[in-house]
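# Chains, contacts and geometry: an overview
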Amino acid sequence: MAHTPLRRPGALAAGACLALLTGCGGASSAQDAGQSSGGDLKVGVLFPGSLSDDGFMESAHRGYQRAAKQHTGKVAFSKVEQVQAADYEQALVRFATHSDLVISLGGQTDAAVRKVAARFPKVKFAEIGGPADAEPTANLALYDPQQAQAAFLSGAAAALLSKKDTVGFVGGAELPAIVNAAKEFERGAKTADPKVEVLAPQYVGDFNDAAKSKQSALADYGAGADVLGQILNLGHKGIAQAAAGRDGRLVGGPLAHDCGSDPAYAGYVETDIGAEIEYATDQLVKGAWKAESVHFGLTFATPHNDLVLCGTGDAVTAAKKKLDAIKAKLASGEITTR
């Protein structure tokens, strides 16, 4: 299957993009990686957000590119990005009509992927980042990147680094997985420091809206917090802007940057979302794919969650030591998240 790679103009309507699925961000990832496309197996991936969001979607796309390169000649990949919620189902249906495996990113696609999977029982589906307590169906596998575990670590780090003993959390949308992550952020903070105050979580309503994210962060910094956790895509840039003006900080991720490249970041949660695309594709190629529920995280060899603290000095050194102890308890099962 050959695709002509077309770049998606920013002003192009989502409906037009879906009508031209091989373009508008739907070009073969094998071509993106500089390889020839083609193969007996076909995989389609729905990225509802931007592939350059410096977050969840970009992390996933890196794995998409690695999988395409690894399986050149065996698997033909196609993708679509920046899809509006009203068009998720249409995009998934188009993939399902010509793919062996369809992968959707983000819990915001959960309802659509379940509906489409039921319509195409002979096609394999995988959802990455949906509700952690959801159950797979006959042809739908669920891959949990353990955002709850990452949020727990983020909360612990925020509490350990806070000088005001007050922290907060900003989420992109009030989805079940994000609400649960906010709860785990609070649990992590309280585990690290029972005396810390955790402000009520804020939900921006859009993972990519930096302006609204900045407003939410300013409200938290104004309420006394000095370190914030977050699950956002492009929106995290708004928190960093707010932090710079209020002498605050945030915990970044899932993509880590060099410490010191932006002083607003107190550390980074590392979660390789893309490795789950690699896992799904590997299973498909091996003929071992099954509709299973797989929980990645600290105990999973590759990928595994981690949290890197930035900075030097006695306070940071002490925080790193306490955080390492919490990581060990998570890995051993002494501390559990959901």
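Please refer to the structure placed before this passage.
Keep in mind the model is a prediction, meaning the values are calculated, not measured. (Residues numbered from 1 in each chain as written. Predicted model: local features only at pLDDT ≥ 70, side-chain atom pairs only at ≥ 80, totals over all residues. Heavy atoms only, no water.)

### A word on the sheet that holds strand β3 (residues 101-105)
Worth spelling out the cut-off: Following DSSP output, two strands are said to pair if at least two bridges run between them. Under the DSSP-based scheme used, a helix requires at least four consecutive residues in state H or I and a strand at least two consecutive residues in state E, with every element numbered from the N terminus. Here an axis means a line fitted to C-alpha atoms, over the contact stretch when the element is a helix, while the angle between two N-to-C directions is reported on a 0 to 180 degree scale. Contacts were defined at the residue level, with two residues in contact if any of their heavy atoms lie within 4.5 Å.
Strand order across the open sheet formed by 6 strands is β2-β1-β3-β4-β5-β12, with parallel pairing between neighbours. Looking along the sheet, the strands with just one partner apiece sit at the ends: β2 (75-81) and β12 (293-295). Going across the sheet, the axis of each strand differs from the next one's by a mean of 15 degrees, ignoring polarity. Summarising the sheet, strand β4 (residues 124-128) and strand β5 (residues 140-144) pair through 4 bridges and their orientation is parallel. Its bridge partner lying in β5, A126 is registered against A141. Against the sheet, helix α3 (residues 56-70) touches β1 (41-47), β2, β3 and β4, its axis set at about 160 degrees to β2. Packed onto the sheet, helix α10 (residues 274-286) meets β1, β2, β3, β4, β5 and β12 and runs at close to 170 degrees relative to β3.

### With respect to the packing of α3 against α10
This is how the line gets drawn: Here a crossing is called left-handed whenever its near helix is offset anticlockwise from the far helix by less than a right angle, and right-handed whenever the offset is clockwise. Under the convention adopted here, Pro, Cys and the residues Ala, Val, Leu, Ile, Met, Phe, Trp and Tyr are nonpolar, Asp, Glu, Lys and Arg are charged, and Gly plus all remaining residues are polar.
Taken N-terminus to C-terminus, the directions of α3 and α10 make an angle of 35 degrees; their axes are 6 Å apart at the nearest point. Considering only the axes of α3 and α10, their crossing is right-handed. Contacts between α3 and α10 involve S59, A60, G63, Y64, R66, A67 and Q70 from the former and G274, A275, I277, E278, T281 and D282 from the latter. Residue composition of the contact of α3 with α10, grouped by class: 5 nonpolar, 5 polar and 3 charged.

None of this, on its own, says anything about what the molecule does.
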